[in-house]
Amino acid sequence: MSIFDELNTSLQEAVDIQKGKTKASRVTRHEVADVRAIRAKLHVSQAEFADAMGTSIDTIKSWETKRRNPTGLAAKVLATIQENPSFFNELASH
């Protein structure tokens, strides 16, 4: 099957799901972390948080204003910090 055929099949499945003709076989939803709330709970500045996360202050600002959402490893790290705030101290020490 060519990439075109795979994309076409996938698109048709999406249309069928949207029209209610079929159900999605798997739906994955991730809660988007409230970065501002996490940072406030930790009592750290945007600069300190950005340094610990290995990213820029602008990225932290974008996450906090919901212009962008953390993805991939950043989203997992934020979820871990949210569940276990002491993890932030470990992260910040490296």
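Refer to the structure above for everything that follows.
Reading the values: the criteria
Residues numbered from 1 in each chain as written. Predicted model: local features only at pLDDT ≥ 70, side-chain atom pairs only at ≥ 80, totals over all residues. Heavy atoms only, no water. Helix = DSSP H or I, 4+ residues; strand = E, 2+ residues; numbered from the N terminus. Rg over C-alpha atoms; globule rule 2.2 N^0.38 Å. Salt bridge = Lys/Arg side-chain N within 4 Å of Asp/Glu carboxyl O. Buried < 20%, exposed > 50% of the residue type's maximum accessible area, 1.4 Å probe, protein only.

Asks: Which parts of the structure should I look at to understand the overall build of the protein?
Replies: A tally of regular secondary structure across the protein gives six helices and zero strands. Reading the helices (α) and strands (β) of the protein from amino to carboxyl end gives α-α-α-α-α-α. Radius of gyration (C-alpha) of the protein: 19 Å, far over the 12 Å computed for a compact globule of 94 residues. When the backbone C-alpha atoms are referred to their principal axes, the protein occupies close to 50 × 25 × 25 Å.

Asks: Could you clarify how one ought to interpret the pattern of salt bridges in this entry?
Replies: Where charged atoms from two side chains of opposite charge approach closely, those side chains can pair. One pass over the structure, following the stated rule, counts two salt bridges. Glu64 is the salt-bridge partner of Arg36, the closest N and O atoms lying 3.6 Å from each other. Taken together, the residues Arg36 in helix H2 (residues 35–42) and Glu64 in helix H4 (residues 57–64) connect sequence positions 28 residues apart. A relative accessible area of 5% places Glu64 in the buried class. Because the salt bridges share partners, they merge into one network encompassing Arg36, Arg39 and Glu64.

Asks: I keep staring at the environment of Glu31 and nothing clicks. Help me out?
Replies: By secondary structure assignment, the location of Glu31 is in the loop between helix H1 (3–18) and H2. Given a relative accessible area of 72%, Glu31 falls into the exposed group. Here the alpha-carbon distance between Glu31 and Thr9, two residues 22 residues apart in the chain, equals 29 Å.

Geometric values such as these leave the question of function open.
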